[in-house]
Structures are given as structure tokens and as C-alpha cells.
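Structural overview
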Amino acid sequence: MNENLIMEAVSASPEDTEAVGARLAAYLLENEPKGAFCAMYGDLGAGKTAFVRGAASVIAPGAHVQSPTYTIVNEYHGKKGLLLHFDLYRIDDEDSLDSIGYWDYLERGGYSFAEWSEKIPYALPDERYHITISKDPDDTDKRSIRIERIVSPV
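These notes cover the structure that comes with them. (Residues numbered from 1 in each chain as written. Predicted model: local features only at pLDDT ≥ 70, side-chain atom pairs only at ≥ 80, totals over all residues. Heavy atoms only, no water.)

**Brief notes about helix 1 (residues 14-31)**
An ideal rise of 1.5 Å per residue puts 26 Å on 18 residues; helix 1 measures up with 26 Å between its terminal C-alpha atoms. For helix 1, the full list of buried residues reads Thr 17, Val 20, Gly 21, Ala 22, Leu 24, Ala 25 and Leu 28. (Helix = DSSP H or I, 4+ residues; strand = E, 2+ residues; numbered from the N terminus. Expected span 1.5 Å × (residues − 1). Buried < 20%, exposed > 50% of the residue type's maximum accessible area, 1.4 Å probe, protein only.)

**Thoughts on the sheet that holds strand 4 (residues 81-87)**
Strands sit in the order 1-7-6-2-5-4-3 across an open sheet of 7 strands; the sheet is mixed. Looking at the sheet topology across the chains shown, the edges are occupied by strand 1 (5-11) and strand 3 (73-78). The average undirected angle you get between the axes of adjacent strands in this sheet is 15 degrees. The pairing of strand 3 with strand 4 spans 6 bridges and is antiparallel. Along strand 4, the bridge assignment pairs Glu 75 with Leu 84. Running at roughly 170 degrees to strand 4, helix 2 (residues 48-59) makes contact with strand 2 (35-41), strand 3, strand 4, strand 5 (110-115), strand 6 (127-136) and strand 7 (139-151) of the sheet. (Pairing = 2+ DSSP bridges. Axes fitted to C-alpha atoms, helices over the stretch in contact; angles between N-to-C directions. Contact = heavy atoms within 4.5 Å.)

Keep in mind that these numbers describe shape and distance, not what the molecule does.
Shown next, in the form of C-alpha cells:
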């Protein structure tokens, strides 16, 4: 068994994906009370934003979560903490990352969810969660969700 594995789930709908996001948020609030970085991976339309919507329902209830594609980052303030939602699809290099204030956002703490984290492997925190959402090639509604805790050696 993988000791870093936090959760595996199968989703048959956006609502199922949101429910998995809510379960992870509850886990994070209990186990990471100062915040955590969640690096998200998945194809276009895999359900990354739905997942974040579910997490926000626990961390910042009432937040109207939408993809930050054009703004690159949305922040949601809730009674249980700050949720930062990054869409890094249009980030091409370290200068682009610096220009959005990425490092400043991370210094603020809270719970960060970064879509398209494969674009910034050099800028991911050493301690983080990897969330991989994979589409099922035979069922357009089905998703596999895998969440692992990563601690990179220094």
C-alpha cells in the first residue's frame, strides 16, 4: 500500500466530484489547520473546478466558485480559512508566475488549489497534495480521483 495515498474515489457526476473535494477539505481542516497546497492534474474538462467548488463548500461556504482562467487566481474568504484557486494554464515561465504574485499568495497561507500544476513543477512547495482527476475513456461521465500527500526531500 502507498503510505502517501490519502484517498481514491470514482466519480460519476460533477456532484460526486464536488463531494470528494468536500471530503478532502474536511481532511485538510483537521490535519493541516494552517493550510495546504493542492497541486491539481487532469485534462481539460476533467472536473478540477468542480473539485475546488466542493472544497470551497467546506472551507468558504457560500463562495461562488468559477474557473479563474482569465484572472489566473480567485480568492475565497471563509469562516474556516482562505481558499486560493489558481488556474496556471497560461503560465509559461517563472516571470509569468512572479507577475501574478504567486509567491506572495503562498506566503499568506490558507488552502491553495492549483489547476495545471504540471506547468510549474519547479515552483511547487516541497510539502503538498497531488490531486489527479482522470477521465474514463469508455464513460464520458466517469472520473477516477487520486489524492496523495507529497513530501519532497530537501
